[in-house]
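Architecture and fold: a report
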Amino acid sequence: MISSFLDTREVAEYLSINEKQVYSLIHNRGLPGTKITGKWLFPRHLVDRWIESGVADFPEEWSFAQRAQGLLLIAGSDDPLLVRLISLFRRRFTETIPLQSRAGSTEGILALKRGLCHAAAVHLHPSGDAHQDADYLADHFDQRAVAVSMAVRTQGLLLPKGNPLGIHTLEDTLAGGRRWAGREVGTGTRLRLERELDRLGTDRSGFADDSPTLGSHMEVGVSVMKGQADVGLAIQAVAEMLGLDFIPLFLERFDLVVYRDTFFQKEIQNFFGLLNTGEFTGIAAGLTGYDISGAGRILTETI
């Protein structure tokens, strides 16, 4: 029976090179492998994909993301810490161009499933502990994806400085025709707000479902700061940056999701590797409302 994993000697024979060259390929060329109890193991199918990735003429059936060499494509939820992480990646790995589409968690998952990006930025979680496992993945990917934690962040109500309307709870926002700075349908923040309102079981007639929708947490904050809205749901970091009042409501985990068969791709591993650096820790320390103690943790079963 042929094993699905190769050891260092076997992968060297498979590639017709000596064992010393294997270690060079791991560190310099992104040869996919994992170290278990001091021994390197190489998933056979990923080694094959790694070889195929160097082919000059890509087969037509390959997805856009698979054909986009030299790029790192990220789609999904909006987050200031993620933007700074991408900037750090751009400075550290100049041979790769990172591109981000802030389209919301649902659209990020859809883009990943369609092969239009390498990673989806997601914060779709059931209610409960923000540190729990990423059980939502099975609903979208049938165990074909891996979730890696970037941070746990605080989300809540953004209010004008001084809180002139005296809002202290989510229930307070439903009274008196408060003007909401809403998020677009399909964003994780919009879905979470709708779930929280349903949980309250209160009259939602005061909530403006037809209020203007905005594309990012920062746009929500600017709308409140300019007096165009009385309240919005967004993350604490934005409130701090814009000098707004903030009422925390819940913690949520922010994940980066990739397919299992591309997890060991060099660009993706370089990106995830930054989560455990002092540079990333310093960036997160400059923002409010983030817990990065679990950054880089794989939330699904061992791959």
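Just so it is clear, the structure is predicted and the values come from calculations on it, not from any experiment. (Residues numbered from 1 in each chain as written. Predicted model: local features only at pLDDT ≥ 70, side-chain atom pairs only at ≥ 80, totals over all residues. Heavy atoms only, no water.)

Right, let's talk about the packing of helix α5 (residues 80-92) against helix α12 (residues 278-285) for a bit. The interhelical angle for the contact between α5 and α12, taken along N-to-C directions, is 145°, at an axis separation of 10 Å. Of the two elements, α5 crosses α12, and the hand of that crossing is right-handed. Residues L81, R84, L85, L88 and R92 of α5 form the contact with α12, whose participating residues are E279, F280, I283 and A284. When its residues are assigned to classes, the contact of α5 with α12 shows 6 nonpolar, no polar and 3 charged. (Axes fitted to C-alpha atoms, helices over the stretch in contact; angles between N-to-C directions. Helix = DSSP H or I, 4+ residues; strand = E, 2+ residues; numbered from the N terminus. Left-handed = near helix turned anticlockwise from the far one by under 90°. Contact = heavy atoms within 4.5 Å. Nonpolar A, V, L, I, M, F, W, Y, C, P; charged D, E, K, R; others polar.)

Our focus in this paragraph is the side chain of E267. Inspection of the secondary structure puts E267 in helix α11 (residues 266-273). Buried within the structure, E267 lacks any salt-bridge partner; its nearest side chain of opposite charge belongs to K266, at an N-O separation of 5.0 Å. In contact with E267, other than residues within four places in its own chain, are G70, L71, L72, F89 and T96. (Buried < 20%, exposed > 50% of the residue type's maximum accessible area, 1.4 Å probe, protein only. Lys, Arg positive; Asp, Glu negative; His and termini not counted. Salt bridge = Lys/Arg side-chain N within 4 Å of Asp/Glu carboxyl O.)

The next point concerns the nonpolar core. Residues L81, L82, M150, F271 and F272 are the most contacted members of the largest nonpolar core, which totals 47 residues. Per-element tally for this core: the top contributor is α5, with 6 residues. Apart from residues lying up to four places away in sequence, F271 is in contact with L72, I74, L82, L85, I86, F89 and L256. Among the nonpolar cores identified, the runner-up in size contains 16 residues, and L73, A111, A120 and L299 belong to it. (Core = buried A, V, L, I, M, F, W, Y, C linked by side-chain atoms within 4.5 Å.)

Evaluation of the coordinates by the stated rule reveals 8 salt bridges. Close ionic contact of R179 with D230 constitutes a salt bridge, the shortest N to O distance being 3.0 Å. Of this pair, R179 sits in the loop between β7 (145-159) and β8 (180-183) while D230 is found in the loop between α9 (217-225) and β10 (231-235), placing the two residues 51 residues apart along the sequence. One salt bridge connects R253 with D255, and the closest N-O pair in it is separated by 2.7 Å. Of the two residues, R253 and D255, both sit in the buried class. Taken together, the shared-partner salt bridges connect D79, R153 and E252 into one network.

Taken as a whole and assessed by the stated rule, the structure comprises 6 aromatic pairs. On the basis of an interplanar angle of 75° and a centroid distance of 5.6 Å, the ring pair of F89 and F271 is categorised as edge-to-face. Here F89, found in helix α5, pairs with F271, found in helix α11; they are 182 residues apart in sequence, far enough to count as distant. The pair formed by F89 and F271 is uniform in burial state, with each residue classed as buried. Each ring, one from F271 and one from F272, has its centre 6.3 Å from the other, and the planes form 50°; the classification is tilted. Owing to a relative accessible area of 3%, F271 belongs among the buried residues under this scheme. F272 sits in the buried class, given a relative accessible area of 7%. A network of ring pairs unites the aromatic residues F89, F93, F263, F264, F271 and F272 as a single cluster. One Lys or Arg, R192, reaches over the ring of F250 and ends 3.8 Å from the middle of that ring. (Phe/Tyr/Trp six-rings, centres within 6.5 Å; stacked < 30°, edge-to-face > 60°. Lys NZ or Arg CZ within 6 Å of the ring centre and 35° of its normal.)

Since the α-helix packs 3.6 residues into each turn, any two residues three or four apart lie on the same face. The set of residues buried in α9 consists of H217, V220, G221, S223 and V224. All buried residues of α9 fall inside an arc of 160° around its axis, so they share one side. Buried positions along α9 lie against β7, β8, α8 (188-200), β9 (213-214), β10 and α10 (236-242). Directly after α9, the chain includes G227, whose backbone phi takes a positive value near 80°. (Arc of directions from axis to C-beta.)

Scope: geometric values only; no functional claims are made or implied.
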